[in-house]
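Fold and contact review
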Amino acid sequence: MRGRRPKTYAEPYPESAELSSGFFDSEEIHPSAIIHKNTIIGKDVSIGPYSIIGDGVRIGDRTKIGPHVVIYGPTEIGDDCIFYQFSAIGGLPQDLKYKGDDTKIRIGNRNIFREFVTIHRASSYGTGETVIGDDNYLMAYVHIAHDCRLGNSIIMSNSATLGGHIEIEDYAIVGGLSAIHQFTRIGVYAMVGGCSAIVQDVPPYTTAVGNRAKLYGLNLIGLRRHGFSENTISTLKKAYKIIFQSKLTLKVAIKRVREEIKGSMEVDHLLRFIEKSERGICR
């Protein structure tokens with residue numbers, strides 16, 4: 001049997017559709033994109049070939065959506081975001097308890113979503129939103145499950161995976177191939193090493209790595225890169241030693257830190273984070 005001839009086109013694709021020409025520099029909606037009539041699109045938005053934008057999606061100004069991207073609604077996307085090819089946003093939660101409730105995703109400004117990133121809308125049991133803040137960088141194959149809440153300026157390396165209801169505070173870094181258990185929290189400026197399994201909360205300013213992850217001191221390189229003073233770092237070191245390296249119980253250690261260290265916003269945040277922990281903290 002003779003093979004079917006490939007489809008031909010009367011006119012070539014416009015230059016903006018050629019991947020080699022830098023699609024993200026264009027401000028065009030490609031004619032092959034499928035866009036629901038109820039989609040709200042801001043100014044100077046580009047949408048690439050064969051992308052699908054569903055009902056209830058709002059796209060902010062100057063956001064660029066590459067080829068073969070799928071975004072389901074209801075999803076709100078801020079300004080200046082970039083979605084690389086094959087990312088899938090707004091899918092139903094992988095939760096057997098989900099009953100079709102009207103939940104959504106809310107994404108802030110200036111976020112970058114690399115190839116094959118998946119983000120699921122919220123489940124029936126939570127706040128009703130999966131939330132991504134501003135200035136986050138999610139590398140290839142990152143998965144954000146239902147009801148997660150990400151802050152700002154977070155980096156997640158390739159294939160990092162979040163279970164449901166996870167909270168990650170600002171400026172945290174999650175290494176590649178790491179998996180984080182549902183309902184776990186990652187503190188501000190914390191660093192999770194690659195190939196880690198996180199089953200308990202990672203306190204702010206610390207470094208955690210391993211399966212199951214343990215703490216390995218403060219994230220000193222990250223703190224210095226972000227401009228923390230040596231005096232602040234020294235204060236955090238003192239608090240860390242009392243809480244995690246003494247033989248005191250956690251309750252007694254926190255009390256001692258409050259007695260010996262006063263006037264430090266960073267230490268106060270560390271203590272509040274620990275006291276609010278429901279799954280326990282990495283030690």
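Right above here is the structure, for reference.
Everything numeric here is computed off the predicted structure, so don't read it as measured data. (Residues numbered from 1 in each chain as written. Predicted model: local features only at pLDDT ≥ 70, side-chain atom pairs only at ≥ 80, totals over all residues. Heavy atoms only, no water.)

**What about the environment of Asn 109?**
The topology assignment puts Asn 109 in the loop between β11 (104-107) and β12 (112-113). The exposure class assigned to Asn 109 is partly exposed, which follows from its relative accessible area of 24%. A C-alpha to C-alpha distance of 23 Å links Asn 109 and Gly 222, two positions 113 residues apart in sequence. Sequence-distant contacts of Asn 109, that is, excluding residues within four places in its chain, are made with Gly 78, Asp 79, Cys 81, Gly 133, Asp 134 and Asp 135. (Helix = DSSP H or I, 4+ residues; strand = E, 2+ residues; numbered from the N terminus. Buried < 20%, exposed > 50% of the residue type's maximum accessible area, 1.4 Å probe, protein only. Contact = heavy atoms within 4.5 Å.)

**Quick notes on the layout of surface pockets**
Taken as a whole, the largest pocket spans an internal volume of roughly 270 Å³. Together, 14 residues line the largest pocket, and His 165, Glu 167, Phe 183, Arg 185 and Glu 278 are the ones closest to its centre. When its volume is computed, the second largest pocket comes out at roughly 150 Å³. With three residues, helix α1 (residues 220-225) is the largest single contributor of residues to the lining of the second largest pocket. Across the lining of the second largest pocket, the residue classes tally to five nonpolar, four polar and one charged. (1 Å grid on protein atoms, 1.4 Å probe; cavity = no way out; pocket = protein on both sides within 12 Å on 5 of 7 lines; lining within 4 Å. Points joined across faces, edges and corners; volume = space filled by probe spheres on them. Nonpolar A, V, L, I, M, F, W, Y, C, P; charged D, E, K, R; others polar.)

**As for the environment of Arg 279**
The topology assignment puts Arg 279 in the segment after α4 (265-275). Looking at Arg 279, the relative accessible area reads 32%, which means it is partly exposed. Separated by 48 residues in sequence, Arg 279 and Asn 231 have C-alpha atoms that sit 31 Å apart. Among all residues touching Arg 279, those that are not within four sequence positions of it are His 181, Gln 182, Phe 183, Thr 184, Val 199, Gln 200 and Asp 201. Within the structure, the side chain of Arg 279 is placed 2.8 Å from the backbone oxygen of Val 199, a separation counted as a polar contact. (Polar contact = N/O pair within 3.5 Å; in protein donor to acceptor, adjacent residues only side chain to side chain.)

**Quick look at unusual backbone geometry**
When glycine is set aside, most residues are seen to have a negative phi, and most peptide bonds are trans. Of note, the bond from Gly 73 into Pro 74 is cis; its omega dihedral lies within 30 degrees of zero at 0°. Here the amide bond leading from Asn 211 into Arg 212 is cis, since omega sits at -10°, within 30 degrees of zero. Tracing the chain through its elements places Arg 212 in the loop between β26 (206-210) and β27 (213-218). For Phe 116, which is not glycine, the phi torsion reads 65° and is therefore positive. By the secondary structure assignment, Phe 116 is in the loop between β12 and β13 (118-120).

**Things to note about the sheet that holds β26**
Strands sit in the order β3-β6-β9-β12-β15-β18-β21-β24-β26-β27 across an open sheet of 10 strands; the sheet is mixed. Across the chains shown, the open sheet's two edge strands, defined by having one partner strand only, are β3 (46-47) and β27. Pairing geometry for β26 and β27, over four bridges, is antiparallel. Looking at β27, one finds that Thr 206 is bridged to Leu 218. (Pairing = 2+ DSSP bridges.)

**Digging into the environment of Gly 187**
Position of Gly 187 relative to the elements: it lies in the loop between β23 (185-186) and β24 (191-192). Its relative accessible area of 0% is what places Gly 187 among the buried residues. In contact with Gly 187, other than residues within four places in its own chain, are Glu 169, Ala 172, Val 202, Pro 203, Pro 204 and Phe 273.

**Here's the deal with the sheet that holds β23**
Read across the sheet, eight strands follow the order β2-β5-β8-β11-β14-β17-β20-β23 without closing on themselves; strand pairing throughout is parallel. Pairing within the sheet leaves two strands with one partner each, and these edge strands are β2 (40-41) and β23.

**As for the pairing of β26**
Regular strands place their side chains on alternate faces of the sheet. As paired strands, β24 and β26 are joined by two bridges and run parallel to one another. If you follow Val 192 over to β26, its bridge partner there is Ala 208.

**A word on the packing of helix α3 (residues 250-260) against α4**
In the contact formed by α3 and α4, the axes pass within 11 Å of each other and the chain directions differ by 160°. One way to sum up the angle between α3 and α4 is to call them roughly antiparallel. In this structure, α3 crosses over α4, and the sense of that crossing is left-handed. Here α3 contributes Leu 250, Ile 254, Val 257 and Arg 258 to the contact with α4, which in turn contributes Val 267, Leu 271, Ile 274 and Glu 275. Looking at the contact of α3 with α4 residue by residue, the class counts come to six nonpolar, no polar and two charged. (Axes fitted to C-alpha atoms, helices over the stretch in contact; angles between N-to-C directions. Parallel < 35°, antiparallel > 145°, perpendicular 65-115°, else oblique. Left-handed = near helix turned anticlockwise from the far one by under 90°.)

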